[in-house]
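# Examining the three-dimensional arrangement
As a plain string of letters, each chain reads:
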Amino acid sequence: MTHLVLRFDVDTPRCVRAGMRALNRLSAEYEVPFVFFVNFGRAVDLAARRQKRPHNAPAGISKLGTLQKQTVLDIAELLTRNPRLIDVGAAQIETATALGSEIGVHGGSNHGTWQWAYPAWDSPRIAAEIEWSTTAFRKLLGRDPAGFSSPGWVSDERLAPLLSEAGYRYFADIHGTGEHVGDEGLINFATALTGEPGGVGFFESCTARRIDTAQMLDEIESAMVENSQPVILYDHPCFAGLRGRPLLCALLDHAKNKGWKLVTLAESI
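Notes on the structure follow.

What counts and how
Residues numbered from 1 in each chain as written. Predicted model: local features only at pLDDT ≥ 70, side-chain atom pairs only at ≥ 80, totals over all residues. Heavy atoms only, no water. Helix = DSSP H or I, 4+ residues; strand = E, 2+ residues; numbered from the N terminus. Buried < 20%, exposed > 50% of the residue type's maximum accessible area, 1.4 Å probe, protein only. Core = buried A, V, L, I, M, F, W, Y, C linked by side-chain atoms within 4.5 Å. Contact = heavy atoms within 4.5 Å. Axes fitted to C-alpha atoms, helices over the stretch in contact; angles between N-to-C directions. Parallel < 35°, antiparallel > 145°, perpendicular 65-115°, else oblique. Left-handed = near helix turned anticlockwise from the far one by under 90°. Nonpolar A, V, L, I, M, F, W, Y, C, P; charged D, E, K, R; others polar. Expected span 1.5 Å × (residues − 1). Arc of directions from axis to C-beta. Polar contact = N/O pair within 3.5 Å; in protein donor to acceptor, adjacent residues only side chain to side chain.

Residue position: Ala128 is located in helix α6 (residues 123-141). Its relative accessible area of 42% is what places Ala128 among the partly exposed residues. Residues Ala128 and Ser222, spaced 94 residues apart in sequence, show a C-alpha to C-alpha distance of 40 Å.

As structure tokens, then:
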């Protein structure tokens, strides 16, 4: 049987509240699990973003602007309160768990800090950030997490041994290919269905490219044939659960008709 993973990275208050609420409803309606990689800390670090060295972004990225995924009130909250996601989204995280979805860890105490400053950190700092999130996960859910993903796909060869030492069973930091690899005794799952270049959310990329549902499903069909099992699709709850909901529902209906099984990453190890 063909196995599909729907992976959603939870980066902002809108993701953990409105986005996860909508996806939890779909999980219950379709009786399928999702995988949520949750950053339990704060979403943005403007200082780290400003200090990041200039770089050449890949050409041809198809993505939407911030105001097409976040409301003005959401942005105002990020700029003024920047709350910890564990403080504003615990109820939706617990609901997702009760519905059979998997919760993984997404970075450390601040999503933006990891995304923009990680390359300059030493190994003790990386380990401390992992420990912060692992502790937050345990306090909320009463068990150890199995999986980890890095904000912005930003990691390097130092990460796997630190995750292994912390008790993780896998991480998921490869995008744009479906070839899963082993690293320091852990599986590094590859996410095939992303918007490329750049590792953009898949449904977001489809919307930005203005392709129709049939074209989207053709792309997914091709990925299911060409990549290793399980095939992983990536997006964010704040888009996939709201503006992108029709595309997600079309995929869920298609998967049911094709007999594809939706699975979590932890059960795929």
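Still to come is the rest of the account.
Membership of the largest hydrophobic core comes to 64 residues, with the highest contact counts inside it found for Leu6, Phe36, Phe40, Phe203, Met216, Ile220 and Leu251. The residues touching Leu251, leaving out its near neighbours within four places in the chain, are Leu4, Leu6, Phe203, Met216, Leu217, Ile220, Leu233 and Trp260. Judged by nonpolar contacts, the second largest core, of 10 residues, contains Val5, Val35, Phe37 and Tyr170.

We now examine the packing of helix α4 (residues 85-98) against α6. Between α4 and α6, the least distance of the axes is 11 Å, while the angle of their chain directions is 60°. Between α4 and α6, the interaxial angle falls into the category oblique. The hand of the α4/α6 crossing is right-handed. Taking contact as the criterion, the partners of Ile86, Ala90, Ile93, Glu94 and Thr97 in α4 are, on α6, Ala136, Leu140 and Leu141. Classifying every residue of the contact of α4 with α6 by side-chain character gives 6 nonpolar, 1 polar and 1 charged.

Next up on the list: helix α9 (residues 213-226). For α9, which comprises 14 residues, the first-to-last C-alpha distance of 20 Å matches the rise-based estimate of 20 Å (1.5 Å per residue) to within 8%. By the burial criterion, the buried members of α9 are Met216, Leu217, Ile220, Ala223 and Met224. In an axial view of α9, the angular spread of the buried residues amounts to 120°, which keeps them on one side of the axis. Exposed side of α9, more than 90 degrees from the buried face: Asp218, Val225 and Glu226 are the residues found there. Of the surrounding elements, those touching the buried residues of α9 are β1 (3-10), α8 (202-209), β8 (231-235) and α11 (245-258). With a side-chain oxygen positioned 3.3 Å from the backbone nitrogen of Ala214, the residue opening α9 is Asp212.

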